[in-house]
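Chain by chain, the residues:
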Amino acid sequence: MRLRQRLLVASGLVLACAVATACSEGDPVGTDRGSEPGARVETIGLMVQDLSNPFFQSMANGVQAGAEKIGATVNVQDGRQDLGAQNEQIDAFIQQQIDVLLINAVDSDGIGPAVERAKAAGITVVAVDVAARGAQAQVTLDNTEAGNLACTYLADQIGGAGDILLINGTPISSVQDRVTGCKQALQGYPQITIVAEQNGDNGRAEALTIATDMLTAHPEVKGVFGINDPTALGATLAAQQAGIGGLVIVGVDASPEAVAELQKPDSMFRATAAQDPNTQGAIALEMAQKLFAGEALEKQSVLVPTEMITRESLAQYKGWQ
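Keep in mind it's a predicted model, so treat the numbers as computed, not measured. (Residues numbered from 1 in each chain as written. Predicted model: local features only at pLDDT ≥ 70, side-chain atom pairs only at ≥ 80, totals over all residues. Heavy atoms only, no water.)

Undergrad: Can you help me understand the sheet that holds strand S7 (residues 192-199) in this one?
TA: Two strands in a sheet stick together by hydrogen bonds in their backbones, pointing the same way (parallel) or opposite ways (antiparallel). Judged by pairing direction, the sheet is mixed, and its 6 strands sit side by side in the order S7-S6-S8-S9-S10-S12 without closing on themselves. Strands at the two margins of the open sheet, each flanked by one partner only, are S7 and strand S12 (308-310). The mean angle between the axes of side-by-side strands here comes to 20°, regardless of whether they run parallel or antiparallel. Relative to strand S9 (residues 248-253), strand S8 (residues 223-226) runs parallel, the two being bridged by 3 bridges. Residue pairing for S9: Gly223 is matched across the bridge by Val248. (Pairing = 2+ DSSP bridges. Helix = DSSP H or I, 4+ residues; strand = E, 2+ residues; numbered from the N terminus. Axes fitted to C-alpha atoms, helices over the stretch in contact; angles between N-to-C directions.)

Here's what the structure looks like:
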């Protein structure tokens, strides 16, 4: 049975469910479309955590460029850091019968049931930037390495001794891996202590509030690790407003905002581990294309390497596309 015929069958099953009201919430709304050799991707759904973050706009640019090359259309959805919203978006994509779903989950484990619904409806699902339970493949930054590099740099810059703060984030694999990498690095610096650790929402505004409270309680700290650039930049502003100087603050992303801050010679924001969201998006689409066409992947999980971007190396950094 050809793909279009199967889509018509799936559409009929959706109507039947609506008329009979007999399908439970967890039931698939279509048959398993399977993978046809040589099948071409025509419709792509891209779900990201927060479109207000330029990181995800760069990711969308990478997917869009890849889609244009194969003549496919892309529907980008903003998850607004809300698991419920992403569940609804996946259900909408199922009704639209898209071919592939590239998902940047707001909750790596919590999105699992919705991913299973998408796969049951015949949609190829690839996770991008963070893991998503049940996804058929994934491409992410080597986040453990990013956290390790960032905290090694921080430790060296404060002379291998002193108290630091760690501003954590949301329950996604990328954040968890960065914290793991950071703590692994600090095991080599027994005279450094994380005196406070608190979760934020990965955004600058909440990081400003959290860092202000943490710095009030621990004004003697020498450094701060933020799990991404918005978090680290929020901490930088908090230190400035509190009149605390001399801190070493590091993040992860190498975002345009981070680059601008690094260009300030007196900023306490000192370094960031680079991400390439554009490349991640492009690779995720390539993987999804192969899976959709029934091809085997060399690797089910791809790790994109990172490097530290400092004030000294900034001139060689190309930045996000």
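Undergrad: I would appreciate a short explanation of helix H4 (residues 112-120) in the present structure.
TA: Turn by turn, an α-helix covers 3.6 residues, leaving residues three or four places apart pointing in a common direction. Within the sequence span of H4, burial applies to Gly112, Ala114, Val115, Arg117 and Ala118. In this structure, the buried side of H4 is in contact with helix H3 (83-96), strand S3 (100-103) and strand S4 (124-128). Positive phi appears at Gly122, one or two residues downstream of H4, with a value of about 90°. (Buried < 20%, exposed > 50% of the residue type's maximum accessible area, 1.4 Å probe, protein only. Contact = heavy atoms within 4.5 Å.)

Undergrad: Just checking my understanding: could you explain the state of the cysteines for this structure?
TA: Such a bond, covalent and formed between the sulfur atoms of two cysteines, is termed a disulfide. For the coordinates displayed, the defined rule picks out 1 disulfide. With its sulfur 2.0 Å from that of its partner, Cys151 forms a disulfide with Cys182. Taking the sign of the S-S torsion, about -85° here, the bridge from Cys151 to Cys182 comes out left-handed. Within this pair, whereas Cys151 is found in helix H5 (residues 143-157), its partner Cys182 is found in helix H6 (residues 173-186), the two being separated by 31 residues in sequence. (Disulfide = S-S within 2.5 Å.)

Undergrad: I tried to follow the layout of surface pockets on my own but got confused; where do I start?
TA: With a probe scaled to a water molecule rolled over the atoms, the places where space remains empty come into view. The space that makes up the largest pocket amounts to roughly 340 Å³. Around the largest pocket, the lining comprises 26 residues; the ones closest to its centre are Asn53, Phe56, Asn202, Asn228 and Pro230. Among the secondary structure elements, those contributing two or more residues to the lining of the largest pocket are helix H2 (54-70), H6 and helix H8 (229-242). Here the lining of the largest pocket is composed, by residue class, of 8 nonpolar, 10 polar and 8 charged. As a volume, the second largest pocket reaches approximately 260 Å³. Each residue belonging to the lining of the second largest pocket can be placed in one class, and the counts come to 5 nonpolar, 7 polar and 3 charged. (1 Å grid on protein atoms, 1.4 Å probe; cavity = no way out; pocket = protein on both sides within 12 Å on 5 of 7 lines; lining within 4 Å. Points joined across faces, edges and corners; volume = space filled by probe spheres on them. Nonpolar A, V, L, I, M, F, W, Y, C, P; charged D, E, K, R; others polar.)

Undergrad: Sorry if this is basic, but what is going on with the pairing of S4 here?
TA: Walk down a regular strand and you will see the side chains alternate between the two sheet faces. The buried count for S4 comes to 5 of 5 residues, which makes it a mostly enclosed element. Of the two faces of S4, the one carrying Thr124, Val126 and Val128 and the one carrying Val125 and Ala127 are both buried. Here 4 bridges tie S3 to S4, and the two strands are oriented parallel to one another. The residue bridging Ile103 from the neighbouring strand is Ala127, located in S4. Each parallel crossover has a hand, and the one from S3 via H4 to S4 is right-handed. Sheet topology note: the S4/strand S5 (residues 137-141) ladder contains 3 bridges and is parallel. Residue pairing in the sheet places Val128 in a bridge with Val139 of S5. (Right-handed = clockwise from strand over helix to strand, strands pointing away.)

Undergrad: Explain the packing of aromatic side chains here, please?
TA: Pairs of aromatic rings are described using the distance from one ring centre to the other and the angle between the two planes. For the structure shown, the criterion picks out 2 aromatic pairs. Aromatic side chains Phe55 and Phe56 sit 5.0 Å apart centroid to centroid with 85° between the ring planes, which places their arrangement in the edge-to-face category. Each member of the pair, Phe55 as well as Phe56, is classed as buried. When the ring of Phe55 is compared with that of Trp320, the centres are 5.4 Å apart and the planes differ by 75°; the resulting orientation is edge-to-face. With Phe55 in helix H2 and Trp320 in the segment after S12, the pair connects residues that are 265 residues apart, well separated along the chain. For Trp320, a relative accessible area of 15% puts it in the buried group. (Phe/Tyr/Trp six-rings, centres within 6.5 Å; stacked < 30°, edge-to-face > 60°.)

Undergrad: Would you take a moment to explain the pairing of S7 for this structure?
TA: Judged from the 7 bridges that link them, strand S6 (residues 162-168) and S7 form a sheet pairing that is parallel. Residue pairing for S7: Leu166 is matched across the bridge by Glu197.

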